[in-house]
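One letter stands for each residue in the lines below.
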Amino acid sequence: MLLRVLGTAAGGGLPQWNCACPGCSGARRHPQRVRRHASLAVRADDARWYVVNATPDIGDQIESHPELHPGPGHRDTPVAGVVLTDAELDHTLGIARLREARALDVLATGPVRGALLERLRLGDILGPYTGISWRPLPHTPQPLIEGGPLEISAIPVASKRPRYAADDAPADDWVVALRLADRATGGTLVYAPALAAWPDALQRAAAEADCVIVDGTFWDDHEPRRAGFTERTSTAMGHLPIDGPHGTARRLRGLDARCLYTHLNNTNPLGDPAAEEHKLLAEWGIEAAADGMVIEL
Ligand code: MLT
Ligand code: MN
Ligand code: ZN
């Protein structure tokens, strides 16, 4: 299984266009700190890649990685489809950016598909431009593409709805973790860029995985309040923090897998490569994912 990390920032990116906080200002001064919206490209077979979450940066993310470039025919593209972990705008707005596609395969759970079709009206809006074929994201492992080596399944992790669909019906698969398994190599990945809870099914999948990449939006539960943009804690915002009694680091430290954090908010101290928190992560055997990383499983 070949993976390319296309981005590692939470909604807004790093820097966020309207933000002069220390993290965003630091990224403007030091371009190596820039992080695009969290996304992952997965090679489905020799010719096709799927993008996990289509972000507002998807055009630049494709251009930055030659394996995603079009060719040899003028309109041949290796980008065959999109897999969605949730319906949040930072993970879905990029679908509209792909409207020039001849066809697009989109895998999503029922509630996510419903939000995109009924709330964002993506089907109506994009219908005149391209053909989207919607596929349910299976809860039991199914081939990602027919005849390909990868199997995909979704593990429900939260019933958190996006703000634009806040009055939609609750369901346990509004937010899911993805499990990808390569039948040829035996390699397995768990990818969960949004985590409001750590259910037993996620623990079981993580315990068997070779690589686990999870929500690292906030370092600790009070970071959003300290930063002054909300009264809510990280957990109340639908993101388990990294550190603290209910932090995900405690979970990751007990795993055999290579463990990484993604979806870093611009307030997260990990945005600064010199931050002490990187030393703590290293002591715990955990990494912050970086844009452009290649992972082979
Ligand atoms: C989230 O991850 O909580 C959302 O993407 C927040 C947002 O709407 O930007
Ligand atoms: Mn987000
Ligand atoms: Zn900022």
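Presented here is a report on the structure given in the accompanying data block.

Analysis parameters
Residues numbered from 1 in each chain as written. Chains lettered and ligands numbered in written order. Predicted model: local features only at pLDDT ≥ 70, side-chain atom pairs only at ≥ 80, totals over all residues. Heavy atoms only, no water. Helix = DSSP H or I, 4+ residues; strand = E, 2+ residues; numbered from the N terminus. Contact = heavy atoms within 4.5 Å. Phe/Tyr/Trp six-rings, centres within 6.5 Å; stacked < 30°, edge-to-face > 60°. Buried < 20%, exposed > 50% of the residue type's maximum accessible area, 1.4 Å probe, protein only. Pairing = 2+ DSSP bridges. Axes fitted to C-alpha atoms, helices over the stretch in contact; angles between N-to-C directions. Core = buried A, V, L, I, M, F, W, Y, C linked by side-chain atoms within 4.5 Å. Donors = N, O, S within 2.8 Å, 3.2 Å for Na, K, Ca; no water.

## Regarding the side chain of Asn268
Working step 1: Along the chain, Asn268 falls in the loop between β12 (258-262) and α10 (276-283).
Working step 2: Apart from the residues within four sequence positions on either side, Asn268 is in contact with Gly216, Thr217, Phe218, Trp219, Glu223 and Ile242.

## A few points about the packing of aromatic side chains
Working step 1: In the structure shown here, the tally under the stated rule is two aromatic pairs.
Working step 2: Geometrically, the ring pair formed by Trp219 and Trp284 is stacked, given 6.0 Å between the ring centres and 10° between the ring planes. With a gap of 65 residues between them, Trp219 in the loop between β11 (211-215) and α8 (223-227) and Trp284 in the loop between α10 and β13 (286-288) connect regions that are remote in the sequence. The burial state of Trp219 is the same as that of Trp284; both residues are buried.

## Here's the deal with the sheet that holds β13
Working step 1: Read from one edge of the open sheet, seven strands run β7-β8-β9-β10-β11-β12-β13, paired in mixed fashion. Looking at the sheet topology across the chains shown, the edges are occupied by β7 (142-143) and β13.
Working step 2: Where strand β9 (residues 175-182) lies against strand β10 (residues 188-192), four bridges are found, and the strand directions are antiparallel. Across the sheet, residue Arg179 finds its bridge partner in β10, namely Val190.
Working step 3: The sheet strands contacting α10 are β12 and β13, and the helix crosses β13 at an angle near 145°.

## Side note on the nonpolar core
Working step 1: Ile95, Val212, Leu252, Tyr261 and Leu281 are the most contacted members of the largest nonpolar core, which totals 59 residues.
Working step 2: Excluding residues that lie within four positions of it along the chain, Leu281 makes contacts with Trp219, Ile242, Tyr261, Leu270, Ile286, Glu287 and Ala288.
Working step 3: Counting 30 residues, the second-largest nonpolar core is a separate cluster that includes Val52, Leu107, Ile145 and Leu178.

## Re the coordination of the manganese ion (ligand 2)
Working step 1: Bound to the manganese ion (ligand 2) are the protein donor atoms Asp90 (OD) and His263 (NE2), situated 2.2 to 2.3 Å from the metal. Linking Asp90 in helix α3 (residues 89-92) with His263 in the loop between β12 and α10, this pair joins segments that are 173 residues apart in sequence. For the pair Asp90 and His263, one class covers both residues: buried.

## Describing the coordination of the zinc ion (ligand 3)
Working step 1: Taken together, Cys19 (SG), Cys21 (SG) and Cys24 (SG) make up the full set of protein donors to the zinc ion (ligand 3), lying 2.2 Å away.
Working step 2: Read from N- to C-terminus, the donor residues coordinating the zinc ion (ligand 3) fall into the pattern C-x1-C-x2-C.
Working step 3: Classification of Cys24 as buried rests on a relative accessible area of 0%.

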